[in-house]
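# Working through the structure, step by step
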Amino acid sequence: KRGILIRKGEAIQTMKEVKIIVFDKTGTITKGKPEVIDIKTFNKTSEKELLLISASLEKLSEHPIAKAIVNKANLKTYKKVTGFKILRGRGLEGKIGKDSIVIGNQTLMKEKKIDFSKTKKVIEQFEDEGKTTMIVVENKMVLGAIAVADSLKEDSKEAIFLLNKKGYRTVMITGDNERTAKAIAKQVGIKEIIANVLPEDKAKKVEELQKRSFVAFVGDGINDAPALKQSNVGIAMGTGTDIAIESGDIVLARGSLIGALQAIN
């Protein structure tokens, strides 16, 4: 009745020993459908131009943030991009004509030695509001920043409040940077964050936590499968990808965190 599918009997046995519950952020705590909330332009760039350049590159990526930018731009035609490359967990790059375009987070800017000091204040303000910010750069000059946010699922806050009350250690794992992650954790009442995590490192982080006690991992995406497998009990959102569901010991058909709480109970 509650949409809880227990795929492995031993999950019930193990769940009693679990002290730490790790949540993936996107699609688990949040709805997983990010939207562009703010756009700030610099160096005499128009918003239209900023979106045209960004969407032309982002159109070639499958990432939810990329989709949000493409939806916002809502264009009929795009610029031709050559040498397109996805830089995992950091952003992307390519060329439009002779111009080198880099779109990504602060880590990527530092890596490419791009000076974004003039925009830092704006970026930090966006991040303090829990938004993920992409910096758009043409030939090492910052054109603007695009802030994307993903709204929380209605009952995430309630579920986490009740898990905290029961004495579980709640942890959120995310590719977002520290600032954005803290802002979101604060909104839902999560005690601890592990930020700046590349998709392939999630399982490693779970393993580190397992040195202290049994860990349940709640996730929904393709890159959550190894972490779901690594944890003592993997709880997969039924609204997520098939591979995540295959890796889960417990599957929540409704994709709500209240289901995680009920499954634990």
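Within any chain, residue numbers begin from 1 and follow the written order of that chain's sequence. Only residues with pLDDT of at least 70 get local features here, since the model is predicted, and only at 80 or more are side-chain atom pairs given and counted; chain-wide, interface and lining totals rely on the full set of residues. Hydrogens and waters are ignored; side-chain quantities use all the structure's heavy atoms.

### Structural notes on the pattern of salt bridges
Note the cut-off: A side-chain nitrogen of Lys or Arg and a carboxyl oxygen of Asp or Glu constitute a salt bridge if their distance falls within 4 Å. In this description a helix means any DSSP run of H or I spanning at least four residues, a strand means any run of E spanning at least two, and both kinds are numbered starting from the N terminus. Only protein chains enter the accessibility calculation, which uses a 1.4 Å probe; a residue whose area is less than 20% of its type maximum is buried, one above 50% is exposed, and one in between is partly exposed.
Under the criterion given, the structure shown has 18 salt bridges. Close ionic contact of E154 with K31 constitutes a salt bridge, the shortest N to O distance being 3.3 Å. With E154 in the loop between strand 8 (141-149) and helix 7 (156-165) and K31 in the loop between helix 2 (25-29) and strand 3 (35-41), this pair connects stretches of sequence that are 123 residues apart. We classify K31 as partly exposed; its relative accessible area is 38%. With its nearest N and O atoms 2.6 Å apart, the salt bridge here joins K131 to D38. Of the two residues, K131 sits in the loop between helix 6 (120-128) and strand 7 (132-138) while D38 sits in strand 3, which places them 93 residues apart along the sequence.

### Describing the packing of helix 6 against helix 8 (residues 178-188)
To keep it simple, the criterion reads: Here, axes are lines fitted to C-alpha atoms. For helices the fit covers the stretch in contact, and angles between N-to-C directions go from 0 to 180 degrees. Should an angle lie under 35 degrees it is considered roughly parallel, over 145 roughly antiparallel, and from 65 to 115 roughly perpendicular; all remaining angles are considered oblique. Whether two residues are in contact is decided by their heavy atoms: any pair within 4.5 Å suffices.
Packing of helix 6 against helix 8 leaves a shortest axis separation of 7 Å and a crossing angle of 30 degrees. On the basis of the axis angle, helix 6 is roughly parallel to helix 8. For the pair helix 6 and helix 8, the contacting residues are E124, E127 and D128 in the first and R179, T180 and A183 in the second.

### A look at the packing of helix 7 against helix 12 (residues 257-264)
Going by this rule: Side-chain classes are defined by residue name, with Ala, Val, Leu, Ile, Met, Phe, Trp, Tyr, Cys and Pro counting as nonpolar, Asp, Glu, Lys and Arg as charged, and the others, Gly among them, as polar.
For the pair helix 7 and helix 12, the least separation of the axes is 7 Å and the interaxial angle reads 30 degrees. Taken together, the axis directions place helix 7 and helix 12 in an arrangement best described as roughly parallel. Note on element contacts: helix 12 touches helix 7 through L257, I258, L261 and I264, opposite S156, E158, A159, I160, L162 and L163. Residues belonging to the contact of helix 7 with helix 12 are distributed by class as follows: eight nonpolar, one polar and one charged.

### What to know about the sheet that holds strand 9 (residues 169-173)
What counts here: What makes two strands pair is DSSP finding at least two bridges between them.
Across the sheet, seven strands lie side by side as 1-13-12-11-2-9-10; this open sheet has mixed pairing. Single-partner strands in this sheet number two, and they are strand 1 (4-6) and strand 10 (192-194). Averaged over all adjacent pairs, the angle separating strand axes in this sheet is 20 degrees, with direction ignored. Sheet topology note: the strand 9/strand 10 ladder contains three bridges and is parallel.

### Let's talk about the side chain of T14
Locating T14 in the fold gives a position in helix 1 (residues 10-15). T14 sits in the buried class, given a relative accessible area of 16%. If we ignore the near neighbours within four places in the chain, the residues touching T14 are F214, N232 and V233.

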